Amino acid sequence: MTDLPPTVFVLFGATGDLARRMVLPAFFELAQRGLLPEDWRLVGNGRGDVSHEDFAGRVRDALTEFGPHPDQGPWEEFAGRLRFAGGGFEEADPGSLLDVLGEAREELGGDPQLVHYLAVPPSAFEKLTRALPQHGLTEGARVVYEKPYGTSPESFRELDDLVLSVLDEDQVFRIDHFLGKEGTQDLHVLRFANALFEHVWHRDHVAQVQIDVPEDLDVADRAEFYDATGAALDMLVTHLFQVAAEVAMEPPAGFSPADLQAAREGVLAAFRPLDPDEVVLGQFDGYTDTEGVADDSRTDTYVAARLWVDTDRWRGVPFVLRTGKRLAASEQRVSLLLRRPDGPVTDVPGHGNVLSLSLSGSGAVDLQVVAKEPGPDLSLATATATLELADVPGGTPLPPYVSLLHDVLVGDRSLFTSSDGLAHAWRAFAPLQQRPPQVHRYAPGSWGPPEAEALAEPCGWLLGDGRRD
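The name given to the chain in an unreviewed UniProt entry is Glucose-6-phosphate 1-dehydrogenase, and the organism recorded there is Geodermatophilus poikilotrophus. According to the UniProt record, the Catalytic activity (unreviewed entry) comment for the chain is "D-glucose 6-phosphate + NADP(+) = 6-phospho-D-glucono-1,5-lactone + NADPH + H(+)". We quote the UniProt Pathway (unreviewed entry) comment for the chain here in full: "Carbohydrate degradation; pentose phosphate pathway; D-ribulose 5-phosphate from D-glucose 6-phosphate (oxidative stage): step 1/3."

Chemist: So, the UniProt feature "active site" (unreviewed entry) in the chain: which residues are in play, and what are the values?
Modeler: Using the residue numbers shown here, the UniProt feature "active site" (unreviewed entry) corresponds to His239. The residue histidine 239 is located in helix H10 (residues 231-248) in this model. Here histidine 239 falls in the buried class, since its relative accessible area comes to 1%. Here histidine 239 is in contact with Lys147, Asp176, His177, Phe178 and Asp234, once residues within four sequence places are set aside. Looking at histidine 239, its side chain comes within polar contact range of the side chain of aspartate 176, at 2.6 Å.

Chemist: Summarise the UniProt feature "domain: Glucose-6-phosphate dehydrogenase C-terminal" (unreviewed entry) in the chain; cite the residues concerned and give the values.
Modeler: In this structure's numbering, the residues bearing the UniProt feature "domain: Glucose-6-phosphate dehydrogenase C-terminal" (unreviewed entry) are residues 189-457. The span residues 189-457 is 26% helix and 23% strand, and its two end C-alpha atoms sit 29 Å from each other.

Chemist: Before we move on, could you go through the pairing of strand S13 (residues 364-372) and cite the residues and values that matter?
Modeler: Across five bridges, strand S12 (residues 354-358) lies against S13 in antiparallel orientation. Each bridged residue has a counterpart across the sheet, and for serine 356 the counterpart in S13 is aspartate 366. In this antiparallel pair of consecutive strands, S12 and S13, the connection spans five residues, and glycine 361 shows a positive phi of 55 degrees. Direction of pairing for S13 relative to strand S14 (residues 380-388): antiparallel, over a ladder of nine bridges. Within S14, the residue paired with alanine 371 across the bridge is alanine 381.

Chemist: Let's hear about the sheet that holds strand S6 (residues 172-174): which residues, and what values?
Modeler: Taking strand neighbours across the sheet as the criterion, the six strands line up as S3-S2-S1-S4-S5-S6 in an open arrangement whose pairing is parallel. Only two strands of the sheet have a single partner each, and these edge strands are strand S3 (82-85) and S6. Neighbour to neighbour, the strand axes of the sheet diverge by 20 degrees on average, direction disregarded. Note that strand S4 (residues 113-118) and strand S5 (residues 142-145) share four bridges and pair parallel. Bridge assignment links leucine 118 to a residue of S5, and that residue is tyrosine 145. Sheet strands touched by helix H2 (residues 52-66): strand S2 (40-45) and S3. Its angle to S3, the strand with the most contacts, is close to 115 degrees. Packed on one face of the sheet, helix H5 (residues 125-134) meets strand S1 (7-12), S4 and S5 and runs near 160 degrees to S4.

Chemist: Provide a residue-level description of the packing of aromatic side chains, including the pertinent values.
Modeler: Two aromatic rings, taken as a pair, are described by how far apart their centres are and by the angle between their planes. Taken as a whole and assessed by the stated rule, the structure comprises 19 aromatic pairs. Where phenylalanine 9 meets phenylalanine 27, the ring centres are 4.8 Å apart and the plane angle is 70 degrees; that geometry is what we call edge-to-face. Note that phenylalanine 9 is positioned in strand S1 and phenylalanine 27 in helix H1 (residues 17-32), a separation of 18 residues in sequence. As far as burial versus exposure is concerned, phenylalanine 9 and phenylalanine 27 are alike and both buried. Pairing phenylalanine 284 with tyrosine 287 gives two aromatic rings, centres 5.6 Å apart and planes at 85 degrees, and the pair type is edge-to-face. Among the aromatic residues, ring-to-ring pairing joins Phe9, Phe27, Phe28, Trp40, Trp75 and Phe78 into one connected group. Of note, arginine 322 hangs over the ring of tryptophan 461, and the distance from its end group to the ring centre comes to 4.2 Å. The positively charged end of arginine 326 is found above the aromatic ring belonging to phenylalanine 284, 5.5 Å away from the centroid.

Thresholds applied
Residues numbered from 1 in each chain as written. Predicted model: local features only at pLDDT ≥ 70, side-chain atom pairs only at ≥ 80, totals over all residues. Heavy atoms only, no water. UniProt positions renumbered as here; feature names shortened; annotations may be inferred. Helix = DSSP H or I, 4+ residues; strand = E, 2+ residues; numbered from the N terminus. Buried < 20%, exposed > 50% of the residue type's maximum accessible area, 1.4 Å probe, protein only. Contact = heavy atoms within 4.5 Å. Polar contact = N/O pair within 3.5 Å; in protein donor to acceptor, adjacent residues only side chain to side chain. Pairing = 2+ DSSP bridges. Axes fitted to C-alpha atoms, helices over the stretch in contact; angles between N-to-C directions. Phe/Tyr/Trp six-rings, centres within 6.5 Å; stacked < 30°, edge-to-face > 60°. Lys NZ or Arg CZ within 6 Å of the ring centre and 35° of its normal.

Spelled out as structure tokens, the structure:
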């Protein structure tokens, strides 16, 4: 993209797990696809003292393990633009970052764009945020914050007040990678560009919305983070609330970034605060045997919740949200269960009509319809038609982090959360922290605690279909 200005990326936490698994592979894929500026440098920052060449070697190792493989190119050109600044970065001591940034700026010439990416634990956000203006690194810069952006309404407000005291809102990119998924982005296109769906996106036609993200993985590779966070903080107040807002938002004024963000966050304000009696928490058997987890940990590895959206469009329609570790399958699915039609057909099989979007991979749209079962008798059956989004002509799907990093480059904030939107999300989540529900046990490989089945009644969970497998 030759129309993008020369850019210096500063990756804080460059040798950490998140950078290795997600951020560095996304940068390399942007380079592969020709979506980076014509001239750029990436400066990794950390406490260790690592040479530029050694850092490039670590990046190559990360790409070899997590992809795209560096041998797929353009590795040599990419590696030549990597730099490392050791010694950490604090208000009192910037380490070597200012020196390395000065060299990078001199190489690029002029006044290059600065993008800071905080791929660090949330406990480091405040320290780095205070240090950036202290060393003159905020003017005109864009700053990307990972989740969780706060761990309570109070800590969110403290962090956000600090961030907005040194940065303008349009400089801040609070990342939620579920919003970068192709399937999530297709939600508003599917709805607003197709009259077939737009007219049924209403409580008169929808009986229930399910947002279901079970995982069969455990937490062994991130046990320390997870035990301090849990499923509700890690997934519910972040990913699942944001996807629910994508489903429930009113038609935006247009498809500009500002219009989409305003529509999504307008409906977040209509989320009714969670009722702890409509939330089920769980912990899989054997969780406390995990290295790094306390023997008496009560951390939730599962959460299911019934959410109500108090707008004219959705009043009375339950949004049931579920996610957890060590469950029977891994899925990422949004489903609208349509009401059964009035008329002569009284025995509709299964769940009847279901519009479902898979958020996994490149995404897919599934439409379940009721049809006559072929044969001599008038018997009804359900069948599903599937559209893989990767098969849409001309499509080049982008992984979520690649898509969101590209949006940071071009300044598109439509898939990022704003201060007001997150404040609404924390307000809806707050009762769960004020009166935490009991944490139930469940067997690994099951669909979670049986107490959660009632939350999806009368429809029942689509995934697992009510079976205690």
